[in-house]
Amino acid sequence: MAREVKKDAKEEMFKVFGEFESAEEINKSAEGLLEEGDKENLYVLAEENGLDKEDVDDFIDGMGAFCTPFSAAVGKLNIEKKYADKDTKMILNTIAAMAMTLCRDESFAAAVRGKGKSIKEIIGSMKSAAGKHKTGSMGVCCGTDKQLIAVIKAYYLEGKEAMEKMIESLY
């Protein structure tokens, strides 16, 4: 019997199989499920990781890996979008879209898939910096698309501290 993925609770994002560190880990889990003949949970694994049903069908038919570094990274970003709360949805979707374009680089895609990495951390750091530099009751953290891409790259490739330094340099 397939495990259920709750679609309405953000705390359920990686509740069934847990958060995977890499496409390789997801593929190993998928291979184990296939060896057990557990096709139902292959679809649950895909749903939980933002992967397409058609890719599961291809995997079952022996037409390649369950996922690639690119599809695993984009899938994770799509899951973050799916579970975004309404207060951060617009900026999260913007950051996710920009990050997705960067996922064509395999090292960036691998970094996005990293356990614990989340667009919400980027947003939190941006909000914190805006609050720290606010004038009166208004605080803004923005720049050009190029600057936001640099912030995204810094977070995923160099870590939170490097990202926060990048954000501070915008002021």
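## A word on the overall build of the protein chain
Right, on to step 1. Counting its secondary structure elements, the protein chain contains nine helices and zero strands.
Right, on to step 2. Along the protein chain, from the amino end to the carboxyl end, the secondary structure elements read α-α-α-α-α-α-α-α-α.
Right, on to step 3. For the C-alpha atoms alone, the extent of the protein chain along its principal axes is close to 60 × 30 × 20 Å.
Right, on to step 4. Burial analysis of the protein chain (171 residues in total) assigns 41% to the buried set.
Right, on to step 5. For the protein chain, the proportion of contacts with a sequence separation of at least 24, taken over those separated by at least 6, is 71%.
Right, on to step 6. Counting only carbon and sulfur atoms, one obtains 51% of the accessible surface of the protein chain, whose full area is about 9,600 Å².
Right, on to step 7. Each charge class in the protein chain can be summarised by its mean position, and for the 25 positive and 32 negative side chains these summaries are 7 Å apart.

## Here's the deal with the packing of aromatic side chains
Each aromatic ring pair is characterised by the separation of its centres together with the angle its planes make.
Right, on to step 1. Summed over the entire model, instances satisfying the criterion amount to three aromatic pairs.
Right, on to step 2. Centroid distance F59 to F66: 5.3 Å. Interplanar angle 80°. Geometry classified as edge-to-face. For the pair F59 and F66, a shared accessibility class is recorded, and that class is buried.
Right, on to step 3. Between the aromatic rings of Y155 and Y156, the centroid separation amounts to 4.8 Å while the plane-to-plane angle is 70°, which identifies the pairing as edge-to-face. Neither residue differs from the other here; Y155 and Y156 are each classed as buried.
Right, on to step 4. Taken together, the aromatic side chains of F108, Y155 and Y156 make up a single cluster linked through ring pairs.

## Structural notes on the environment of K82
Right, on to step 1. Note on placement: K82 falls in helix α4 (residues 69-82).
Right, on to step 2. Sequence separation between K82 and G50 is 32 residues; the distance between their C-alpha atoms is 9.1 Å.

## Considering the packing of helix α6 (residues 106-113) against helix α8 (residues 145-158)
Right, on to step 1. Running from N to C, α6 and α8 cross one another at 75°; their axes reach a closest spacing of 8 Å. Classified by the angle their axes make, α6 and α8 are roughly perpendicular. Counted together, S107, F108, A111 and V112 of α6 and I152, K153, Y156 and L157 of α8 form the full contact between these two elements.
Right, on to step 2. The class makeup of the residues in the contact of α6 with α8 is six nonpolar, one polar and one charged.

## Describing the layout of surface pockets
Right, on to step 1. Empty space within the largest pocket amounts to approximately 170 Å³.
Right, on to step 2. What lines the largest pocket is a set of 14 residues, among which M126, C141, C142, G143 and L148 lie closest to the centre.
Right, on to step 3. Mapped onto the lining of the largest pocket, the elements with two or more residues apiece are α5 (89-102) and α8.
Right, on to step 4. No other element matches α8, which puts four residues into the lining of the largest pocket.
Right, on to step 5. Residues that form the lining of the largest pocket fall into these classes: nine nonpolar, four polar and one charged.

## Some remarks on the confidence of the model for the protein chain
Right, on to step 1. Mean pLDDT for the protein chain: 89, with 92% of residues reaching 70 or above.
Right, on to step 2. Low pLDDT, under 50, characterises residues 4-10; the predicted model gives this stretch 14 contacts beyond four residues in sequence or across chains.

Rules behind the numbers
- Residues numbered from 1 in each chain as written.
- Predicted model: local features only at pLDDT ≥ 70, side-chain atom pairs only at ≥ 80, totals over all residues.
- Heavy atoms only, no water.
- Helix = DSSP H or I, 4+ residues; strand = E, 2+ residues; numbered from the N terminus.
- Buried < 20%, exposed > 50% of the residue type's maximum accessible area, 1.4 Å probe, protein only.
- Contact = heavy atoms within 4.5 Å.
- Areas by Shrake-Rupley, 256 points an atom, 1.4 Å probe, with all protein chains shown as cover.
- Lys, Arg positive; Asp, Glu negative; His and termini not counted.
- Charge placed at Lys NZ, Arg CZ, Asp CG, Glu CD.
- Phe/Tyr/Trp six-rings, centres within 6.5 Å; stacked < 30°, edge-to-face > 60°.
- Axes fitted to C-alpha atoms, helices over the stretch in contact; angles between N-to-C directions.
- Parallel < 35°, antiparallel > 145°, perpendicular 65-115°, else oblique.
- Nonpolar A, V, L, I, M, F, W, Y, C, P; charged D, E, K, R; others polar.
- 1 Å grid on protein atoms, 1.4 Å probe; cavity = no way out; pocket = protein on both sides within 12 Å on 5 of 7 lines; lining within 4 Å.
- Points joined across faces, edges and corners; volume = space filled by probe spheres on them.
- pLDDT = per-residue confidence, 0-100.

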